[in-house]
Amino acid sequence: KDIFDDNWDDFLVYANSNNLKIRDVVFHEVDRIRSCGCMSEGYYTYICEHCQEIKYSPFHCHSRFCPSCGVANILKKTDFILKRIVKAPHRHIVFTIPDSLRELFQLHRSTCFNILFDAVSDTLNYSIHNFKKSERYTLGFISCLHTFGRDLKFNPHIHVLFCEYASGITTPYKKVFLPFDKLRKSFQYTL
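Residues numbered from 1 in each chain as written. Predicted model: local features only at pLDDT ≥ 70, side-chain atom pairs only at ≥ 80, totals over all residues. Heavy atoms only, no water.

Novice: Can you break down the pattern of salt bridges residue by residue, with the values?
Specialist: Enumeration over the complete set of coordinates arrives at seven salt bridges. For R32, the salt bridge identified is with E29, shortest N-O distance 3.2 Å. Note that R32 and E29 are positioned in helix α2 (residues 24–35) at a spacing of three residues, about one turn of the helix. Using a relative accessible area of 24% as the deciding quantity, one classes R32 as partly exposed. The residue D79 makes a salt bridge to K83 at a minimum N-O spacing of 3.3 Å. The class of D79 is partly exposed, set by a relative accessible area of 39%. Accessibility expressed as a relative area gives 61% for K83, which makes it exposed. Within this structure, R91, E164 and K175 form a network of salt bridges that share partners. (Salt bridge = Lys/Arg side-chain N within 4 Å of Asp/Glu carboxyl O. Helix = DSSP H or I, 4+ residues; strand = E, 2+ residues; numbered from the N terminus. Buried < 20%, exposed > 50% of the residue type's maximum accessible area, 1.4 Å probe, protein only.)

Right under this line is the structure:
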């Protein structure tokens, strides 16, 4: 919050002088973060029934981008997911797009992001289906979209956590191995 308070106005001057386009949602989220926890934005009042001591608790923004509110949101989601996943080993893989498609994805965000999710899902389902066609295995996985890389440049990619076990028609749980080189080629073709 202090970083935004100290640097946001200077950043806007820089963005304007370099013709950087900032989406309206960014302004909205930054305003929420900057006002998070400010008493001037409103607060709850708690009064102890026994000693009459008064405590004030400021309203929070509940933005997932806020350093304090976002952590609480992540912990809730993590708990929600952990209660529902199969207790088995999982693997992590990242699906990304070539540099040449990034501008297209940035111009048509919602459509292209949906296509990206569909391509990942189709790739995993195709790969597990080909593992043993007669069993029609089902693979459990969770996918999460990240729109920026470590260097903070626009780089949409999907992180996938998938179970090493799949369920089939006659086999309730079977350890599966999905070769990453085949997944990569399948994803490129599907996308």
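Novice: Run through the nonpolar core, naming residues and quoting values.
Specialist: In this structure, L124 and V160 are the most contacted members of the largest nonpolar core, which totals 22 residues. At the level of elements, β3 (90–96), α5 (109–129), β5 (154–167) and α6 (180–190) are the ones that each hand at least two residues to this core. Sort the elements by how many residues they give to this core and α5 lands first, with seven residues. Here L124 is in contact with F95, L139, F141, V160, L178 and L183, once residues within four sequence places are set aside. (Core = buried A, V, L, I, M, F, W, Y, C linked by side-chain atoms within 4.5 Å. Contact = heavy atoms within 4.5 Å.)

Novice: Can you tell me about the environment of R64, naming the residues and giving the values?
Specialist: One can find R64 in the loop between β2 (54–58) and α3 (69–82). For the pair R64 and L75, spaced 11 residues apart in sequence, the C-alpha to C-alpha distance is 11 Å. Apart from the residues lying within four places of it in its own chain, the contact partners of R64 are G70 and N73.

Novice: Please give an account of unusual backbone geometry that cites residues and values.
Specialist: A positive phi angle is found at Q52, which is not glycine, with a value near 65 degrees. The topology assignment puts Q52 in the loop between β1 (43–47) and β2. The backbone phi angle of H62 is positive, close to 60 degrees, even though this residue is not glycine.

Novice: I'd love a proper account of the packing of α5 against α6, names of residues and values included.
Specialist: At a minimum axis distance of 9 Å, the contact between α5 and α6 shows a crossing angle of 135 degrees. If you check the angle between α5 and α6, you find them oblique. Crossing geometry of α5 relative to α6 is assigned as right-handed. For the pair α5 and α6, contact is made by L116, A119, V120, D122, T123, L124, Y126 and S127 and by L183, S186, F187 and T190, respectively. Of the residues in the contact of α5 with α6, the class split is seven nonpolar, four polar and one charged. (Axes fitted to C-alpha atoms, helices over the stretch in contact; angles between N-to-C directions. Parallel < 35°, antiparallel > 145°, perpendicular 65-115°, else oblique. Left-handed = near helix turned anticlockwise from the far one by under 90°. Nonpolar A, V, L, I, M, F, W, Y, C, P; charged D, E, K, R; others polar.)

Novice: Quick one: what's the story with α2, residue by residue and with numbers?
Specialist: Under the 1.5 Å per step criterion, the end-to-end length of α2 is 17 Å for 12 residues, consistent within 8% with the ideal 16 Å. Of the positions making up α2, those classed as buried are E29, V30 and I33. All buried residues of α2 project into a common sector of 100 degrees when viewed along the axis, lining one side. Close packing links the buried residues of α2 with α1 (2–17). G37 sits one or two residues past α2 and shows a positive phi near 80 degrees. (Expected span 1.5 Å × (residues − 1). Arc of directions from axis to C-beta.)

Novice: Tell me about the side chain of S186, residues and numbers included.
Specialist: With respect to the helices and strands, the residue S186 is situated in helix α6. Exposure remark for S186: the relative accessible area of 12% places this residue in the buried category. If we skip the residues at most four places from it in the chain, S186 touches T123 and Y126.

Novice: Would you mind going over the packing of α1 against α2 in detail, with residue names and values included?
Specialist: Relative orientation and spacing of two packed helices are given, respectively, by the angle between their axes and the distance between those axes. Where α1 contacts α2, the two axes come as close as 11 Å, and the packing angle between them is 155 degrees. When the axes of α1 and α2 are compared, the pair comes out roughly antiparallel. As for the relative orientation of α1 and α2, their crossing is left-handed in sense. The residues of α2 that touch α1, namely those facing F4, D5, W8, D9 and L12, are V26, F27, V30, I33 and R34. Of the residues belonging to the contact of α1 with α2, the class tally is seven nonpolar, no polar and three charged.

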